[in-house]
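Now for the letters of each chain:
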Amino acid sequence: MEFTNITLQEGIDRSKQDDHVMFDVREPYRYKQGHLEGALSMPYGVIKDQHAFRDKKIIVYCDFGGQSMLAARHLAEQGYEVYNIVGGIYYYRGELTSLGLKL
């Protein structure tokens, strides 16, 4: 199974839907420094088959896109419908600022 790359805005829009959940796959200290609203801390290093989210479509992001791409691939192989915010959140720094978000 494949995953889909999406933009930051697409990820934010999808995360507001009840059938989606957003994972911040960075290390916990990075999550504590700032994360997208509604995102759950789910570091790539500990991501497993997330049975609690079996009925959800999963959105993943990290700083630069590498970890989230690996997490997306892993989750897709587990049968999840997965969306990866391509390029990571640092790619969208200007957009985040205009949305009033700081990371």
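Remember, it's a predicted structure, so these values are computed and weren't measured experimentally.

A. Examining the packing of aromatic side chains more closely. A full pass over the atoms with the stated rule returns two aromatic pairs. Judged by centre distance (5.2 Å) and plane angle (80 degrees), the ring pair of Phe 23 and Phe 53 falls under edge-to-face. Here Phe 23, found in strand 2 (residues 20-24), pairs with Phe 53, found in the loop between strand 3 (40-41) and strand 4 (57-61); they are 30 residues apart in sequence, far enough to count as distant. As far as the burial class goes, Phe 23 and Phe 53 line up, both buried. Directly above the aromatic system of Tyr 83 lies the positively charged group of Arg 14, at a separation of 4.0 Å from the ring centroid. Seen from the ring of Tyr 80, Arg 54 lies directly overhead, with NZ or CZ sitting 4.0 Å from the centre.

B. Expanded view of helix 3 (residues 66-77). Taking 1.5 Å per residue as the helical rise, helix 3 with its 12 residues ought to reach 16 Å, and the 17 Å between its terminal C-alpha atoms agrees with that figure. Of all the residues in helix 3, the buried ones are Ser 68, Ala 71, Ala 72, Leu 75 and Ala 76. Each buried residue of helix 3 sits inside an arc of 130 degrees when the element is viewed along its axis, so together they form one side. Contacts made by the buried residues of helix 3 are with strand 2, strand 4 and strand 5 (82-85).

Rules of the game
- Residues numbered from 1 in each chain as written.
- Predicted model: local features only at pLDDT ≥ 70, side-chain atom pairs only at ≥ 80, totals over all residues.
- Heavy atoms only, no water.
- Phe/Tyr/Trp six-rings, centres within 6.5 Å; stacked < 30°, edge-to-face > 60°.
- Helix = DSSP H or I, 4+ residues; strand = E, 2+ residues; numbered from the N terminus.
- Buried < 20%, exposed > 50% of the residue type's maximum accessible area, 1.4 Å probe, protein only.
- Lys NZ or Arg CZ within 6 Å of the ring centre and 35° of its normal.
- Expected span 1.5 Å × (residues − 1).
- Arc of directions from axis to C-beta.
- Contact = heavy atoms within 4.5 Å.

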